[in-house]
Amino acid sequence: MSYCVNCGVELDDTAQACPLCHTPVLNPNKPVDMWGPKPFPTEKGEVPPVSRWELSLLISAMLLSVSVCCGVLNLFLRPDRGWSLYIIGAAVMLWIWFVPPLLLRRMHICLRLGFDVLAIALYVFLISVDLNGSDWYWHLALPIILLGGAILLCLALIFRGGKRSILTTTTLIIGAIGLFLLGVELFVDHFLTGTWQPGWSLVVVTVCVALVIPLVIVRRVPSLREEVRRRFHM
């Protein structure tokens, strides 16, 4: 058994240099075995990339299997309730979220968000089918989902245009939250009373405006902006 004269690591009989410190092995009493098998691979191997089609097929098969099993079980267990629609809807939503982006490598952000909003809308629709709530779905849930999707799409397009500062990003997100909650109360009031009577959403919007004003001031004043940037990058 040989050991490296520099670092003391144990050497294989086929080692011409120490694998740890790369010191040449010089032992006149025991020449290097040039023909024996190496203790480690001498050629670099490459792991083949995972096929997107195979991965998509596997995800589809798993989700389909869960949906079918739950649907069949629903026929025998409490057939008066469509509880399996919740699971089937979740499976469909996950399929839309994961499989199309795998198959379409360069999916445009509008198409990607469109698929996501469609998945959520379909899932909530299946819930409304079980609860016999088509009225609240078409007049309340769907408009709120579409509003949220439209706001997210606008934010995605704005951020996609280039790198934004922390102040700008925070300002846009706070403004989007205020706008979304204002729209939520609008749809809720129209669904329940037929008229818009803004209340709690105005409080949220006021808080959002109060948070945005200092951010806009800091963004407009160069010295304050540089100080904030310096502190965040410390």
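Please read these numbers as outputs of a predicted model, since none were measured by experiment.

**Looking at the nonpolar core**
V117, A121, V124, Y137, A141, L142 and I145 form the largest nonpolar core, which has seven residues in total. Elements supplying a minimum of two residues to this core: α3 (109-131) and α4 (134-160). With four residues, the single largest contributor to this core is α4. Excluding anything up to four places from it in sequence, A121 contacts Y137, L142 and I145. The next biggest cluster of nonpolar side chains, apart from the first, holds six residues, and it includes L167, I174, V212 and V218.

**Points about the environment of E10**
Mapping E10 onto the fold places it in strand β2 (residues 10-11). Judged by its relative accessible area of 46%, E10 is partly exposed. Taking the C-alpha atoms as reference points, E10 and L20, 10 residues apart in sequence, are found 9.8 Å from one another.

**Looking at the state of the cysteines**
The final tally for this structure, using the stated rule, is zero disulfides. Note on C154: no disulfide assigned, nearest cysteine sulfur contributed by C110 at a separation of 9.4 Å. Accessibility expressed as a relative area gives 47% for C154, which makes it partly exposed.

**Description of the confidence of the model for the chain**
Looking at the chain as a whole, its pLDDT mean stands at 81, while 82% of the residues score no less than 70. The element-level mean pLDDT for the chain is lowest in helix α7 (residues 222-232), coming to 58, with helix α1 (residues 52-76) highest at 92.

**A closer look at the packing of α4 against helix α5 (residues 166-192)**
For the pair α4 and α5, interaxial distance at closest approach is 10 Å and the crossing angle is 165°. In terms of orientation, α4 and α5 fall into the roughly antiparallel class. Where α4 crosses over α5, the two elements pack in a sense that is right-handed. The segment α4 lies against α5, with D135, W136, H139, L140, P143, I144, L147, G148, I151, L155, I158 and F159 engaging T169, L172, A176, L179, F180, G183, V184, F187, V188 and F191. Partitioned by chemical class, the residues of the contact of α4 with α5 number 17 nonpolar, four polar and one charged.

Cut-offs applied
Residues numbered from 1 in each chain as written. Predicted model: local features only at pLDDT ≥ 70, side-chain atom pairs only at ≥ 80, totals over all residues. Heavy atoms only, no water. Core = buried A, V, L, I, M, F, W, Y, C linked by side-chain atoms within 4.5 Å. Buried < 20%, exposed > 50% of the residue type's maximum accessible area, 1.4 Å probe, protein only. Helix = DSSP H or I, 4+ residues; strand = E, 2+ residues; numbered from the N terminus. Contact = heavy atoms within 4.5 Å. Disulfide = S-S within 2.5 Å. pLDDT = per-residue confidence, 0-100. Axes fitted to C-alpha atoms, helices over the stretch in contact; angles between N-to-C directions. Parallel < 35°, antiparallel > 145°, perpendicular 65-115°, else oblique. Left-handed = near helix turned anticlockwise from the far one by under 90°. Nonpolar A, V, L, I, M, F, W, Y, C, P; charged D, E, K, R; others polar.

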